[in-house]
Structure formats: structure tokens, C-alpha cells
Amino acid sequence: MAAVTYELKKTCKQSGARLGTIHTPHGSIDTPMFMPVGTLATVKTLSPEELEDMNAQIILSNTYHLWLRPGEDIVQEAGGLHSFMNWDRPILTDSGGFQVFSLSDFRNIKEEGVHFRNHISGEKLFLSPEKAMQIQNALGPDIMMALDECPPYPAEESYMKASVERTSRWAERCLEAHQNKETQGLFGIIQGGEYEHLRKQSADDLISLDFPGYAIGGLSVGEPKDVMNRVLEFTTPLLPSHKPRYLMGVGSADSLIDGAIRGVDMFDCVLPTRIARNGACMTNHGRLVVRNAAYARDFSPIDRDCNCHVCRNYSRAYIRHLIKSNETFGFRLTSYHNLYFLLDLMKKVREAIMEDRLLDFREEFFEQYGFNRP
Ligand SMILES: CN(C)CCSCc1cc(N)cc2c(=O)[nH]c(N)nc12
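The structure reproduced in this document is the subject of the present report.

About the criteria used
Residues numbered from 1 in each chain as written. Predicted model: local features only at pLDDT ≥ 70, side-chain atom pairs only at ≥ 80, totals over all residues. Heavy atoms only, no water. Core = buried A, V, L, I, M, F, W, Y, C linked by side-chain atoms within 4.5 Å. Buried < 20%, exposed > 50% of the residue type's maximum accessible area, 1.4 Å probe, protein only. Helix = DSSP H or I, 4+ residues; strand = E, 2+ residues; numbered from the N terminus. Contact = heavy atoms within 4.5 Å. Pairing = 2+ DSSP bridges. Axes fitted to C-alpha atoms, helices over the stretch in contact; angles between N-to-C directions. Parallel < 35°, antiparallel > 145°, perpendicular 65-115°, else oblique. Left-handed = near helix turned anticlockwise from the far one by under 90°. Nonpolar A, V, L, I, M, F, W, Y, C, P; charged D, E, K, R; others polar. Phe/Tyr/Trp six-rings, centres within 6.5 Å; stacked < 30°, edge-to-face > 60°. Polar contact = N/O pair within 3.5 Å; in protein donor to acceptor, adjacent residues only side chain to side chain.

Focus on the nonpolar core
Line of reasoning, step 1. Counting residues in hydrophobic clusters, the biggest one holds 95 residues, and the most contacted among them are Phe34, Leu51, Leu247, Leu358 and Phe365.
Line of reasoning, step 2. The element that contributes the greatest number of residues to this core is helix α14 (residues 328–354), accounting for 13 residues.
Line of reasoning, step 3. The contacts of leucine 51, once residues within four sequence positions are left out, are Val43, Leu46, Ala56, Ile59, Trp87 and Leu339.

Structure below.
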């Protein structure tokens, strides 16, 4: 019995969107859905109980960071990530490749793997497909990601082709190194940049390896949104409709809706908690920078159309005061609200797909949020 399976429930008549359920050893997940990011085994400033209260179905953590600190051996001795962080719902871990390319100031990519420098201690390290699988097997997430190279944007076509072919060979080595097939599912990651024929080559290579799910990598790396949407338009149809599709690193409200319309089922991004720590909030009427002086005497909620615990109990003036005073509780309130906002948005997206009106929902939301404003 495969550890991770997908049940396609409905395809939207208005678009490429679909409703489904991903079944994992730690529970089922209704899609399309957003995954809060808990890089160091915590979704920054929030407790597992608060994440459950806001109906977070699954959270994401990170192989690279946990390998360096505290070390996958300590997490394994704790009984795995679920026990270590007291989260009993599904967990997905990224493979670490992206962080090596984005965090390490020295890296040398070879066929056998990536040589790089630990961004904390400076010591030289080596990450291979086999090592990435050994770490993820020790951490124990329900869904693991194959080790890939996420090339910088833009990248020469010749470089991208060689990178795609190496990522496909690495994916095969990850499959061969996969130990706990009954308790952990392994997803492949499609690369290829904005080159349609390379996306097809990457998809064909990985589909032939029959992963239980597929991620679209190499996006949300600085490209314009119309480039991301164009790449999605020709990439998601290449992927099997009976398996989940995960768009990595994407989390603004407009991108989530546009990704769902193009057939994406899973999203993750640090955006909601990262901007929260800068005192910025996502609302149904656009972004609100609550630390601004304009809100010093504004006793209304962050978002009058939000039903979250924060919007029902705290004012902009109070939250602004906490943020300006660098009070941790202020960051907790903005983080809670932003994650609730995106999780609630995905619930509205699922409802709109059920009613075959996702494109209408997009127009209404974009108008209210101000995305259409020139
Ligand atoms: C914020 N993080 C916790 C998420 C991890 S980084 C996720 C992530 C983001 C983006 N944009 C692209 C890629 C990609 O192409 N490959 C991999 N492995 N991860 C990626």
C-alpha cells in the first residue's frame, strides 16, 4: 500500500482547477491547499494548537536547516519530526537543494552531489541524493522531496538542459535510496525554467519513474507573474491528473488563485509569516502595514471581513503598538492572522471549485483586493 495517495474528486467546469484529497499516514488533506512553513520545526511564533485551530492540514519543514541544526539524529531519537514538534498531522520536507543554492556562499555542483559551505559554521559539507534521502528518512515526514537543482532565473537554455538531465538522474537515485516506502511518499520535482521543451523533458523523465506526486520547481525565483502563469499553463497539463501537483515557494493570494485555476493542488511559502514579522498583514482589501502611524488610533480590526481570533479580539492600534515596541505577542498576532487569511482563502477556492465558479471568485477577489487597480 503506497504511503501517499491522491483522490481526484471534481474538475472545475470553468478552468483547469480540481478538488481532491491527499491521503497520508498522518491524515488526509483537502486540495487545493496552502502549507504553512515551519523551516526549523516550528511555524515561527505559533503553537501546533493554534495551527490546528486555524485548520492547517499539513505543514512544511526543511531538510537542510534541520540537518545543520539540531541534526537529523536528534530528531530521529525523539521519534521523528511529529513527536519532536508535537504535530500529529501530515508534514512535508523539502530536500535541501534549494537552500544550498540560496544560502551557501560557496557551492560546487557535481554529478555525485553538491559541495557547499554550512551557512552557520562555515564548515564544508556535501549533499547528495542519497544523503538527502537518509536525512528525510530520519526526520520521518509523510512526504519527502527528491534532491533537485533549482537554477537561478534567468538561466541559459544550455545550462538549463544539463541541469534538468542531472535533476532527473538525481531523482532516480533518490528513488533507489528510498527506504520507508510504506510510511513516506517521495515526490519528484519538475524543472526546466521557462523552456517548454525542457519542462516536457523533465516531466517525461520523472513520470517514467512513477512518483506518487509531482512538484513544479524553478518558479517563484524572481520571474514576473505572467511568466510563472505561462509556465504553469504548459506544465500542469503534462502531469498525471490522478496525482497531486505542488507549486513550490508560492504564496501570495493572487498567485494561489491563479495557480489553482491552472490545476495546482499544493502551495507553500514563507511570505505570510515573514511579512508578519515586519508588521505587514494580508487582508481582503489589500496589504495593510499595521506598523504605519496612520493606525495609531485605529481601533478597528486588521480586516473587518476576517473572522479569525485576532480580528475578533484585537485592534490595529494595539497590534501597531506591540510591533513598534518589538513585542513578540505582536508578531504572533500578525502571523496568526496572515496564515488564517491564506488558509481561509484556499477554503473559499475549494468552495468556488465545488460550485464551478472559480473564475467568478477570482474576479470578485481581485476587485476587492485591488489587484486589478493599475
Ligand atoms: C521556504 N522554504 C521552507 C521552502 C523551501 S524552498 C522551496 C522551493 C521554492 C522554490 N521557489 C523553488 C524550489 C525548487 O525549485 N526546488 C526545491 N527543492 N524547493 C523550492
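Okay, back to it.
Some points on the sheet that holds strand β7 (residues 107–109)
Line of reasoning, step 1. Here we have three strands laid out as an open sheet, ordered β7-β8-β9, and antiparallel in their pairing. Strands at the two margins of the open sheet, each flanked by one partner only, are β7 and β9 (124–127). Direction aside, neighbouring strands of the sheet carry axes that sit 15 degrees apart on average.
Line of reasoning, step 2. Direction of pairing for strand β8 (residues 114–117) relative to β9: antiparallel, over a ladder of four bridges. Bridge pairing links arginine 117 to lysine 124 in β9.

Overview of the packing of helix α9 (residues 225–235) against helix α10 (residues 253–261)
Line of reasoning, step 1. Closest axis-to-axis distance for the α9/α10 pair is 10 Å, and the angle between their directions is 20 degrees. Taken as axis vectors, α9 and α10 run roughly parallel relative to one another. Where α9 crosses over α10, the two elements pack in a sense that is right-handed. Note on element contacts: α10 touches α9 through Asp254, Ser255, Asp258 and Gly259, opposite Lys225, Met228, Asn229 and Leu232.
Line of reasoning, step 2. Of the residues assigned to the contact of α9 with α10, the class counts are two nonpolar, three polar and three charged.

Regarding the packing of aromatic side chains
Line of reasoning, step 1. What the rule picks out here adds up to eleven aromatic pairs.
Line of reasoning, step 2. When the ring of tyrosine 314 is compared with that of tyrosine 318, the centres are 5.8 Å apart and the planes differ by 20 degrees; the resulting orientation is stacked.
Line of reasoning, step 3. Judged by relative accessible area, tyrosine 318 falls into the partly exposed class, the value being 34%.
Line of reasoning, step 4. Ring centres of phenylalanine 366 and phenylalanine 371 lie 4.9 Å apart, and the angle between their planes is 50 degrees; on these two criteria the pair is classed as tilted.
Line of reasoning, step 5. Classification of phenylalanine 366 as buried rests on a relative accessible area of 5%.

Some points on the side chain of serine 95
Line of reasoning, step 1. With respect to the secondary-structure elements, serine 95 resides in the loop between β6 (91–94) and α5 (97–103).
Line of reasoning, step 2. Assessed through its relative accessible area of 0%, serine 95 is described here as buried.
Line of reasoning, step 3. Within the structure, serine 95 has its side chain in polar contact with the backbone oxygen of alanine 146 (distance 2.9 Å).
Line of reasoning, step 4. Not counting residues up to four positions away in its chain, the partners in contact with serine 95 are Thr63, Leu127, Ala132, Gln136, Met145, Ala146, Leu147, Asp148 and Ile189.

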